[in-house]
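Single-letter residue listing:
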Amino acid sequence: MSFRASVVTLFPEMFPGPLGLSLAGRALEAGIWSLDAVALRQFGVGRHRMVDDTPAGGGAGMVLRADVLAAAIDSVSPAWDARPRLLMSPRGRVLDQKFVRELAAGPGALIVCGRFEGVDERAIEARDLVEVSIGDFVLSGGEPAALVLLDAIVRLLPGVMGNAESGEYESFESGLLEHPHYTRPQSFEGREIPAVLTSGDHGKVERWRREQAEALTRARRPDLLD
Ligand code: SAH
């Protein structure tokens, strides 16, 4: 079974966007995953298909309506849908590689993209939306966050990455940041490739990479070592 992504958004034109190219794009064409972008506007209320309104209690900005969101969600994810329902949100669980792996192992995801000030809380409750953040900063909409999430998931799907091994040694997979990489030319502006990497001694190369990864992690992300 292929991984099925449905994205509820005011801007369906943003999808598949960058995910239509390169690795993810080829996998999309190959049917390893699928993507349907659900236009929230279609479910808007009245002649003007209103999707938002002013916040109850006052304040700046607009809030996406619960009834409009629920109708859009129900159109692609009925109650029996086994896929997790996610809401991209700066208040959510911060995305990490473990969470990405969990999602990639499942049947797919329904992803709701917020806009403006956010969404009516009752839509989150009534449709069991799990809030997911891509980091401690604020975007203008959930779409770029959804693209980030899907990119991270799709590259892990079976058959997407050429080399089955490239995945295991990457940053975070071993709990460490990745070691540095080098390739030709041997000499670049007077800088040589570290001799150990061209020594042909695989054991030494492995040890060097491990040491480098540990040193980098200690220097840049000591929190990962805890
Ligand atoms: N008023 C909200 C921010 C709204 S930003 C607050 O202070 O929490 C508009 C939309 O962008 C959000 O509804 C969400 O879908 C998306 N968004 C913004 N930052 C995000 C982040 N770090 N991760 C995931 N989605 C984000």
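Everything that follows concerns the structure shown earlier in this document.
A brief report on the enclosed structure follows.

Parameters and conventions
- Residues numbered from 1 in each chain as written.
- Predicted model: local features only at pLDDT ≥ 70, side-chain atom pairs only at ≥ 80, totals over all residues.
- Heavy atoms only, no water.
- 1 Å grid on protein atoms, 1.4 Å probe; cavity = no way out; pocket = protein on both sides within 12 Å on 5 of 7 lines; lining within 4 Å.
- Points joined across faces, edges and corners; volume = space filled by probe spheres on them.
- Helix = DSSP H or I, 4+ residues; strand = E, 2+ residues; numbered from the N terminus.
- Nonpolar A, V, L, I, M, F, W, Y, C, P; charged D, E, K, R; others polar.
- Domains from an automatic or database assignment.
- Pairing = 2+ DSSP bridges.
- Salt bridge = Lys/Arg side-chain N within 4 Å of Asp/Glu carboxyl O.
- Buried < 20%, exposed > 50% of the residue type's maximum accessible area, 1.4 Å probe, protein only.

Digging into the layout of surface pockets
Now for step 1: Size it by volume and the largest pocket reaches roughly 490 Å³.
Now for step 2: Breaking the lining of the largest pocket down by element, the ones donating at least two residues are strand 5 (85-94), strand 7 (118-119), helix 4 (121-126) and strand 8 (130-133).
Now for step 3: Per-class residue counts for the lining of the largest pocket are 13 nonpolar, eight polar and six charged.
Now for step 4: Forming the boundary of the second largest pocket are 17 residues, of which Leu-95, Asp-96, Gln-97, Ser-171 and Phe-172 lie nearest the centre.
Now for step 5: For the lining of the second largest pocket, the secondary structure elements donating two or more residues are helix 3 (97-104) and helix 5 (143-154).
Now for step 6: Considering each element in turn, the lining of the second largest pocket owes the most residues, three residues, to helix 3.
Now for step 7: Tallied by class, residues from the lining of the second largest pocket come to eight nonpolar, three polar and six charged.
Now for step 8: Mapping the lining of the second largest pocket onto the domain boundaries places at least three of its residues in each of domain 1 (3-154) and domain 2 (169-225).

Digging into the pairing of strand 5
Now for step 1: Bridge analysis of strand 5 against strand 6 (residues 108-113) gives four bridges, and the strand direction is parallel. Residue pairing across strands places Leu-87 opposite Val-112, the latter belonging to strand 6.
Now for step 2: Note: strand 5 against strand 8, five bridges, orientation parallel. Bridging from a neighbouring strand, Leu-87 pairs with Glu-131 of strand 8.

Comments concerning the pattern of salt bridges
Now for step 1: Scanning the model with the defined rule gives 13 salt bridges in all.
Now for step 2: Note that Asp-223 is salt-bridged to Arg-221, the shortest N-O span being 2.9 Å.
Now for step 3: Accessibility expressed as a relative area gives 43% for Asp-223, which makes it partly exposed.
Now for step 4: By relative accessible area, which is 31% here, Arg-221 ends up partly exposed.
Now for step 5: Several salt bridges converge on common partners, so that one network encompasses Arg-91, Glu-121 and Glu-131.

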